[in-house]
Amino acid sequence: MSFLFNKEAFIVLGSLLFCANVLADTGHHDAGLELNTDGLKPVHADGHAPIGVMGDHIHKKGEWMLSYRYKYMDMEGNKISDTDVSPDFIVTNIANRFGMPATLRVVPTKMTMEMHMFGAMYAPTDWLTLMVMGMYMDKSMDHVTYMGMAGTTVRGTFNTKSSGIGDTKVSGMFKLMDEGIHKVHLNAGISLPTGDTDETDDILTPMGGTPTVTLPYAMQLGSGTYDFLPGITYSATQDKFNWGAQYMGTVRISDNDGYSWGDKHEVTSWLSYQWQHWLSTSVRVAYTHEDQIDGIDSRIALPVQTADPNNYGGDTVMLNFGVNIAGQTGGLRGHRLAFEAGLPIHQDLNGPQMETDLVITGGWQYAF
């Protein structure tokens, strides 16, 4: 089913419309608020979207913002479409597209990914905010290898790792509307292929060998392609509530040695409540659709599902819960700490493919 007609996307957008209908009136976030002890207006904890949303706000002319985000993703177990499957099922039923053995003989069982994202934003005008974000990542994947050409006798287990700089994103946010309560801006950027696509490690083969191979796509650090990043963001604030929605796309505009990752479309909506000036909590729903990998890297030809470009992409819906804390006075003013935890509520994957169990994002932002 195409992205435009996927029911999960309409659920996400529908939640935004519900929030807007319930909350929209003539109130204003700063109405009736007392000044801090230093005579300055309070810094609102919900002045930004939840920390898992990128490019959510623009700045006034001359303003800067520095940020650091840490993201942890845990994946365990496998799915075909929305059905859980065991390693034994995979090695006795899923064909090996590369020939012999006839079925897959290596199955990933667990993957963790850690990302360190460093960002900077600057507004040369009131209608344009520029942003650059670099990334360092660590990936680890556990596997089980089955013996010989068939059957369910386990040969052993092994782990592969990769770490280094990921792709770099450069983008701009263009103001379309600012009516006090309601704000809309366009997002447009480019992802630069600064992440390595030549990562290697040792594996355990069904025959007991331990060769060093080019790792499958999931363990590489970058896409290897220049990508266009279109988007649009809506946000609104009224009294102690903040809500919004965003669409962000990733469109591959080049290829990497004969292949490119699938295009990605992400839609999210959120609602937050400010308990105090310095504290807010949020709930967010996020829908992601990603296409399969287009083409193939001729170096990656292994009897494992992650080597097959068809076993990538699918549809995922995540439910996220967040906390935002904003410094109010002295040296803490302008500093923001935020945390968000996400759990999957629906996964329909091009598989066999590892399923996501948990995503945690924490971050610091400083505007001046």
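See above for the structure.
Quick caveat: nothing in here was measured; it's all calculated off a predicted structure.

## A look at unusual backbone geometry
- Residue P101 is reached from M100 by a cis peptide bond, and omega for that bond is -5°.
- Position of P101 among the secondary structure elements: in the loop between α2 (87-93) and β3 (106-125).
- Here the residue pair G351 and P352 is connected by a cis peptide bond, since its omega of 15° sits within 30 degrees of zero.
- Of note, S81 is a non-glycine position whose phi angle comes to about 60°, a positive value.

## Here's the deal with empty space enclosed by the protein
- Counting across every chain of the model gives three cavities of 30 Å³ or more.
- Estimates place the volume of the second largest cavity at around 70 Å³.
- Lining the second largest cavity are 13 residues, and of these M65, S67, R69, M121 and M131 lie nearest its centre.
- Of all the elements in the fold, those that place two or more residues in the lining of the second largest cavity are β1 (64-81), β3 and β4 (128-146).

## Details of the environment of N159
- Relative to the helices and strands, N159 is located in strand β5 (residues 154-165).
- On the basis of relative accessible area, N159 is assigned to the partly exposed category, the value being 29%.
- Between the alpha carbons of N159 and P108 there is a distance of 9.1 Å; along the sequence they are 51 residues apart.
- At a separation of 3.2 Å, a polar atom in the side chain of N159 contacts the main-chain carbonyl oxygen of M141.

## A look at the packing of aromatic side chains
- All told, the structure shown has 10 aromatic pairs when counted by the stated rule.
- With a centroid separation of 4.6 Å and an interplanar angle of 40°, the aromatic rings of W64 and Y122 are classed as tilted. Of this pair, W64 sits in strand β1 while Y122 is found in strand β3, placing the two residues 58 residues apart along the sequence.
- W64 gets classed as partly exposed once you look at its relative accessible area, which sits at 37%.
- Judged by centre distance (5.1 Å) and plane angle (65°), the ring pair of F241 and Y273 falls under edge-to-face. Of this pair, F241 sits in strand β11 (residues 241-252) while Y273 sits in strand β13 (residues 264-276); the two residues are 32 residues apart in sequence, bridging distant segments of the chain.
- With a relative accessible area of 25%, Y273 lands in the partly exposed category.

Calculation criteria
Residues numbered from 1 in each chain as written. Predicted model: local features only at pLDDT ≥ 70, side-chain atom pairs only at ≥ 80, totals over all residues. Heavy atoms only, no water. Helix = DSSP H or I, 4+ residues; strand = E, 2+ residues; numbered from the N terminus. 1 Å grid on protein atoms, 1.4 Å probe; cavity = no way out; pocket = protein on both sides within 12 Å on 5 of 7 lines; lining within 4 Å. Points joined across faces, edges and corners; volume = space filled by probe spheres on them. Buried < 20%, exposed > 50% of the residue type's maximum accessible area, 1.4 Å probe, protein only. Polar contact = N/O pair within 3.5 Å; in protein donor to acceptor, adjacent residues only side chain to side chain. Phe/Tyr/Trp six-rings, centres within 6.5 Å; stacked < 30°, edge-to-face > 60°.

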